[in-house]
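Tertiary structure, described
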Amino acid sequence: MEKIASTEISTLILGETGTGKELIAQSLHQLSDRKNEAFVAINCAAIPDNLLESELFGYEKGAFTGATQQKKGKLESAHKGTLFLDEVGDMPLHLQAKLLRFLQERVVERIGGHNQIAVDVRVICATHRNLESMIQDTTFREDLYYRISEIILDIPPLRQRTEDAILIARAFVDQFRQSFNKKSLSLSPAAINAIKAHAWPGNVRELINKVKRSVILCEGTQITPEDLQLSDDEQHATPLNLKEVREKAEKQAIIAALANAENNIAKAARELGITRPTLYSLMNKLGLEQEATS
């Protein structure tokens, strides 16, 4: 981050949901020469397709029903600063083409307008999706991918950095302890082992939620696995057998992908970067119920 923050190189942040991609983008902004200007974030997955274009590019008064006044888009609002496009993999194809044109020309044309407005903005993108797989499925433009990914920051999931999980948990125990006026509170050895053993499919976001709950409900001076809502099975150290480790990681990844895809096998397979038959085979091998749709 320190090496690329001061440059204008296009950056793509990859990582599962909850790994802290927006925090990385904010850090890039704060370490850059644009730090005193606006940091504007927009989640492409959270806004309906028919509204996302107007949110990004703005519109003129009377451009469509309900457009009673002129409105700047997020790109204009981030002028001189940084625009963070979260979940860019969920952007519809027609908007991908319009974003690509902006990145090439650096001008915005509001919906219903005819004037081209020059905008100086650094665009940082992020997604939890496998964009290379989406390119093969023609659901993401290859030319846009290369435009936004001059540098790729791949954020590993929390299950691959167990020591980080302990550091983060301790930091938030201290923060929430002060927020809820708990004089003395720490993680018990059993809680530390449970945190190390848990696969954290929701990553840091899940960890923060569990720590916050545990601080509120803990009756003693040490947080237990029960306070964290971690099962007895997770109080033991991570197995050293590589087959067990691999199967556990595969199972958690498949469960998370199915959840993100609302149990749609085709979408989950794309997100995992594998074919549907391969996903079916893995689900059978790992004993996962096939309640998903094709």
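Residues numbered from 1 in each chain as written. Predicted model: local features only at pLDDT ≥ 70, side-chain atom pairs only at ≥ 80, totals over all residues. Heavy atoms only, no water.

1. Thoughts on the overall build of the protein chain
Scanning the protein chain from terminus to terminus reveals 13 helices and nine strands. Taken over the C-alpha atoms alone, the protein chain extends approximately 65 × 50 × 40 Å along its principal axes. Burial statistics for the protein chain: of 294 residues in total, 43% are counted as buried. Once local pairs closer than 6 in sequence are excluded, the contacts in the protein chain between residues at least 24 apart make up 70%. (Helix = DSSP H or I, 4+ residues; strand = E, 2+ residues; numbered from the N terminus. Buried < 20%, exposed > 50% of the residue type's maximum accessible area, 1.4 Å probe, protein only. Contact = heavy atoms within 4.5 Å.)

2. Digging into helix α5 (residues 93-105)
Between the first and last C-alpha of α5 there are 19 Å, a value that for 13 residues agrees with the 18 Å anticipated at 1.5 Å per step. For α5, the set of buried residues is L95, Q96, L99, L100, F102 and L103. Within α5, the buried residues cover an arc of 160° as seen down the axis, which keeps them to one side. Considering only its buried residues, α5 is in contact with α3 (49-57), α4 (74-77), β3 (82-86), β4 (107-108), β6 (122-127) and α7 (142-148). Phi turns positive one or two residues past the end of α5, at R106, with a value near 60°. (Expected span 1.5 Å × (residues − 1). Arc of directions from axis to C-beta.)

3. Digging into the sheet that holds β6
Taken together, the five strands give an open sheet; going across it, the order is β2-β3-β6-β1-β7, and neighbouring strands pair in parallel fashion. Edge positions in the sheet fall to β2 (39-43) and β7 (151-154), since each of these pairs with one other strand and no more. On average, adjacent strands in this sheet sit at an angle of 20° to one another, irrespective of strand direction. Pairing geometry for β2 and β3, over five bridges, is parallel. For A41, the partnering residue across the bridge sits in β3 and is F84. The strands that helix α2 (residues 21-30) touches are β1 (11-14), β2, β3, β6 and β7; relative to β1, the one it contacts most, it runs at about 150°. (Pairing = 2+ DSSP bridges. Axes fitted to C-alpha atoms, helices over the stretch in contact; angles between N-to-C directions.)

4. Looking at helix α11 (residues 242-260)
In an α-helix, one full turn covers 3.6 residues, which means residues spaced three or four apart are oriented alike. The terminal C-alpha atoms of α11 lie 27 Å apart, and with 19 residues this matches the ideal 27 Å at 1.5 Å per residue to within 8%. Taken as a whole, α11 has its buried residues at Q252, I254, A256, A257 and L258. On the buried face of α11, the contacting elements are α12 (265-272) and α13 (276-286). At the exit of α11 stands E262, carrying a positive phi of roughly 55°.

5. Quick look at the environment of Q69
Within the secondary structure, Q69 sits in the loop between α3 and α4. Once you skip the residues sitting within four places of it in the chain, Q69 turns out to touch Y59, E60 and K61.

6. Observations concerning the confidence of the model for the protein chain
In the predicted model, the protein chain carries a mean pLDDT of 90, and the fraction of residues at 70 or more is 95%. α11 is the least confidently modelled element of the protein chain, averaging 80 in pLDDT, while β3 averages 98, the highest of any element. (pLDDT = per-residue confidence, 0-100.)

7. Section: a nonpolar patch on the surface
A cluster of nonpolar side chains, F180, I216 and L217, forms an exposed patch at the surface whose accessible area comes to about 250 Å². Structurally, the position occupied by L217 is in helix α10 (residues 203-217). Classification of L217 as partly exposed rests on a relative accessible area of 44%. (Patch = residues over 30% accessible without salt bridge, like charges linked within 9 Å, V, L, I, M, F, W, Y side chains within 5 Å. Areas by Shrake-Rupley, 256 points an atom, 1.4 Å probe, with all protein chains shown as cover. Salt bridge = Lys/Arg side-chain N within 4 Å of Asp/Glu carboxyl O.)

8. Some details on the environment of A78
Relative to the helices and strands, A78 resides in the loop between α4 and β3. Once the C-alpha coordinates of A78 and H128 are considered, the two residues, 50 residues apart in sequence, prove to be 24 Å apart. When near neighbours in sequence (up to four residues on either side) are disregarded, A78 contacts V40, L83, D120 and V121.

9. Quick word on the pattern of salt bridges
Following the criterion strictly, the structure yields 15 salt bridges and no others. For the salt bridge of E53 with K98, the shortest nitrogen-to-oxygen distance reads 2.7 Å. Remark: K98 occurs in helix α5 and E53 occurs in helix α3; sequence separation between them is 45 residues. Residues D137 and R270 are paired through a salt bridge, measuring 3.9 Å at the closest nitrogen-oxygen approach. Separated by 133 residues along the polypeptide, D137 in the loop between α6 (131-136) and α7 and R270 in helix α12 bring together distant segments of the chain. Relative accessible area serves as the criterion here: at 30%, R270 is assigned to the partly exposed category.

10. Some details on unusual backbone geometry
Positive phi values are uncommon outside glycine, yet T138 reaches one of about 60°. Relative to the assigned elements, T138 resides in the loop between α6 and α7. In this structure, Q229 is a non-glycine residue whose phi angle is positive, near 60°. By relative accessible area, which is 47% here, Q229 ends up partly exposed.

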